Amino acid sequence: MSSLPTVATVIGSGTMGPGIAATLARAGSTVRLYDISEDAIARAEAAYGVVQGVLEAVDSPSAPGGSVTFGTDLDAALAGTELIIEAVPEKLELKQKVFADLEARVGDDVIIATNTSGIPISTMAKSLTVPGRLIGMHWSNPPHLIPMIEIIPGEATDPTLVDKLAEIVKAFNYVPVIEKEIPGFVENRVLYAILRECMALLEEGIVTPEGLDAAVKWGIGYKLSVVGPTRLLDMAGLDIYQAVSSYLNKDLDNSTDTPQFIKDKIAAGELGFKSGAGMYEYGEGDVDAKRKEIITGLIAARKTLSTIPNV
Ligand SMILES: NC(=O)C1=CN([C@@H]2O[C@H](COP(=O)(O)OP(=O)(O)OC[C@H]3O[C@@H](n4cnc5c(N)ncnc54)[C@H](O)[C@@H]3O)[C@@H](O)[C@H]2O)C=CC1
Ligand SMILES: Cc1ncc(C(=O)O)c(C(=O)O)c1O
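Now for a look at the structure at hand. Being a predicted model, the structure only gives us computed values, none of them experimental. (Residues numbered from 1 in each chain as written. Chains lettered and ligands numbered in written order. Predicted model: local features only at pLDDT ≥ 70, side-chain atom pairs only at ≥ 80, totals over all residues. Heavy atoms only, no water.)

What follows is about unusual backbone geometry. Across the junction of Asn141 and Pro142, the peptide omega takes the value -5°, indicating a cis bond. Here Pro142 lies in the loop between strand S6 (134–138) and strand S7 (148–153). The backbone of Asp59 sits at a positive phi, close to 55°, despite the residue not being glycine. Along the polypeptide, Asp59 turns up in the loop between helix H2 (38–57) and strand S3 (67–71). Judged by its relative accessible area of 62%, Asp59 is exposed. Backbone geometry at Asn173 places phi at a positive 65°, although glycine is not the residue there. Tracing the sequence through the fold places Asn173 in the loop between helix H6 (160–171) and strand S8 (175–178). (Helix = DSSP H or I, 4+ residues; strand = E, 2+ residues; numbered from the N terminus. Buried < 20%, exposed > 50% of the residue type's maximum accessible area, 1.4 Å probe, protein only.)

Below you can see the structure in the form of structure tokens.
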């Protein structure tokens, strides 16, 4: 018998919700995608065919009977659900309000998984009536393409949920990574350490954005997509790591706030793809073209990487 829930509910249909819903549905679950915004639901419904095409292209596990229904009726979205995946904006108070709305409508045995990027699960769980049912399930963007999910129990999480969620993740052929709780979890701690240094290098004019993207893509990204950081150290030699880290670590950026130039861009409405300008400028049609290039590249890379042993 599949470990997948027969019925699952995804709360929040923005960047992450639709891909999460489609991945579970393709694997065989009946998924209800819910949002407070009719526009968000309409966008997800319109893009569903494209997301299904991507899942087909990467040969994502498929089973008959799965489907996604889209809607703004919370009671309908929760009827019969076994697993709720929360993907509303990264604001603690909003998430806690959503959890209260959910708990008022479902039985105590329903699991609530949160896709938070890094708010500690124990902090969020404080407001729950049944804190043991809350667990971190951190997907990476785009969720229907990046086959790794972090599973993070909080202090109060029912320990049996960890293995249960890991089995669900394996059922759609993703890699579950079980972690201890820490702000940002593992993936975003590593990503944000890289991004902090990258933004400092840009701010100091050491490299252009194009140069930075090329250096990280070919110098680090390519290598790390085949060998993880631990194996990389064995490949380089721990003595080399000691020699370099002894002078370099103290020189790396250690600022605790977002860089000022990023704050300025945000104040000017430059948010990236969603506003047509960000780190780069985009003309008419450029954002759609870039999105397509990224998806095509990720599909090709995932196919290739899946033929390479884990080293
Ligand atoms: N965008 C990303 O790259 C990633 C985001 N995450 C996390 O996933 C969560 C969602 O992120 P995004 O999809 O990027 O956010 P988003 O802002 O794109 O979408 C959030 C959606 O939630 C809806 N919403 C707001 N209040 C709601 C409510 N009370 N009930 C139901 N729906 C509501 C909004 O209408 C919107 O459609 C956040 O916690 C974020 O940190 C995790 C991994 C990657
Ligand atoms: C910049 C950035 N921040 C957070 C996340 C996340 O995982 O929550 C991502 C991502 O790609 O998933 C991201 O790119």
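Next up on the list: the nonpolar core. Burial of nonpolar side chains together is a common tendency in soluble globular proteins. Counting residues in hydrophobic clusters, the biggest one holds 35 residues, and the most contacted among them are Leu24, Leu83, Ile85, Ile135, Met137, Trp139 and Phe172. Look past the residues within four positions of Met137 in its chain and what remains in contact with it is Ile85, Ala113, Thr114, Asn115, Ile149, Glu150, Leu165 and Val169. Grouped together as the second largest cluster of nonpolar side chains are 21 residues, Tyr34, Ala77, Ala125 and Leu128 included. (Core = buried A, V, L, I, M, F, W, Y, C linked by side-chain atoms within 4.5 Å. Contact = heavy atoms within 4.5 Å.)

Considering all chains together, one arrives at 11 salt bridges under this definition. In this structure, Asp75 engages Arg105 in a salt bridge whose closest nitrogen and oxygen atoms are separated by 2.9 Å. Of this pair, Asp75 sits in helix H3 (residues 74–78) while Arg105 is found in the loop between helix H4 (92–103) and strand S5 (111–114), placing the two residues 30 residues apart along the sequence. Among the residues examined, Asp75 registers a relative accessible area of 47% and is labelled partly exposed. You can call Arg105 partly exposed: its relative accessible area is 41%. Across the pair Lys290 and Glu293 runs a salt bridge whose closest N-O atoms are separated by 3.1 Å. Taken together, the residues Lys290 and Glu293, both in helix H12 (residues 286–305) and three residues apart, mark about one turn of the helix. Judged by its relative accessible area of 37%, Lys290 falls in the partly exposed class. One salt-bridge network, held together by shared partners, links Glu86, Glu90 and Lys95. (Salt bridge = Lys/Arg side-chain N within 4 Å of Asp/Glu carboxyl O.)

By the criterion of burial, strand S2 (residues 30–34) is predominantly enclosed, with four of the five residues buried. Here five bridges tie strand S1 (residues 7–11) to S2, and the two strands are oriented parallel to one another. Within S2, the position partnered with Val7 by the bridge is Thr30. After leaving S1, the chain enters helix H1 (residues 17–27) and then returns to the sheet as S2, a path that is right-handed. After leaving S2, the chain enters H2 and then returns to the sheet as S3, a path that is right-handed. (Pairing = 2+ DSSP bridges. Right-handed = clockwise from strand over helix to strand, strands pointing away.)

Let's shift gears to the site of ligand 1. What surrounds ligand 1 is a group of 24 residues, the closest being Met16, Asp35, Glu90, Lys95 and Ser117. In the model, an oxygen atom of ligand 1 is placed 2.7 Å from a nitrogen or oxygen of the Lys95 side chain. In this structure, Ser117 approaches ligand 1 through a side-chain N or O atom, which is 2.6 Å from an oxygen atom. For the shell around ligand 1, the element with the highest residue contribution is H4, accounting for three residues. Split into classes, the residues belonging to the shell around ligand 1 amount to 11 nonpolar, 10 polar and three charged. (Near = heavy atom within 4 Å. Polar contact = N/O pair within 3.5 Å; in protein donor to acceptor, adjacent residues only side chain to side chain. Nonpolar A, V, L, I, M, F, W, Y, C, P; charged D, E, K, R; others polar.)

Glancing now at a nonpolar patch on the surface. Together, Ile240, Val244, Tyr247, Leu248 and Leu252 make up a nonpolar patch on the protein surface, roughly 420 Å² of accessible area in all. Within the secondary structure, Leu248 is located in helix H10 (residues 238–248). (Patch = residues over 30% accessible without salt bridge, like charges linked within 9 Å, V, L, I, M, F, W, Y side chains within 5 Å. Areas by Shrake-Rupley, 256 points an atom, 1.4 Å probe, with all protein chains shown as cover.)

A word on the sheet that holds S7. Across the sheet, eight strands lie side by side as S3-S2-S1-S4-S5-S6-S7-S8; this open sheet has mixed pairing. Every interior strand has two partners, whereas the edge strands, S3 and S8, have only one. Direction aside, neighbouring strands of the sheet carry axes that sit 25° apart on average. Two elements, S6 and S7, share four bridges in a ladder whose sense is antiparallel. Among the inter-strand pairings, His138 is bridged to a residue of S7, identified as Glu150. Where H4 meets the sheet, it contacts S1, strand S4 (83–86), S5 and S6, and its direction lies at approximately 165° from that of S5. (Axes fitted to C-alpha atoms, helices over the stretch in contact; angles between N-to-C directions.)

Next up on the list: the packing of H1 against H2. In the contact formed by H1 and H2, the axes pass within 10 Å of each other and the chain directions differ by 55°. One way to sum up the angle between H1 and H2 is to call them oblique. The chirality of how H1 crosses H2 is right-handed. Of H2, the residues touching H1 (which contributes Pro18, Gly19, Ala22, Thr23, Ala25 and Arg26) are Ala44, Tyr48, Val51, Leu55 and Glu56. Residue composition of the contact of H1 with H2, grouped by class: seven nonpolar, two polar and two charged. (Parallel < 35°, antiparallel > 145°, perpendicular 65-115°, else oblique. Left-handed = near helix turned anticlockwise from the far one by under 90°.)

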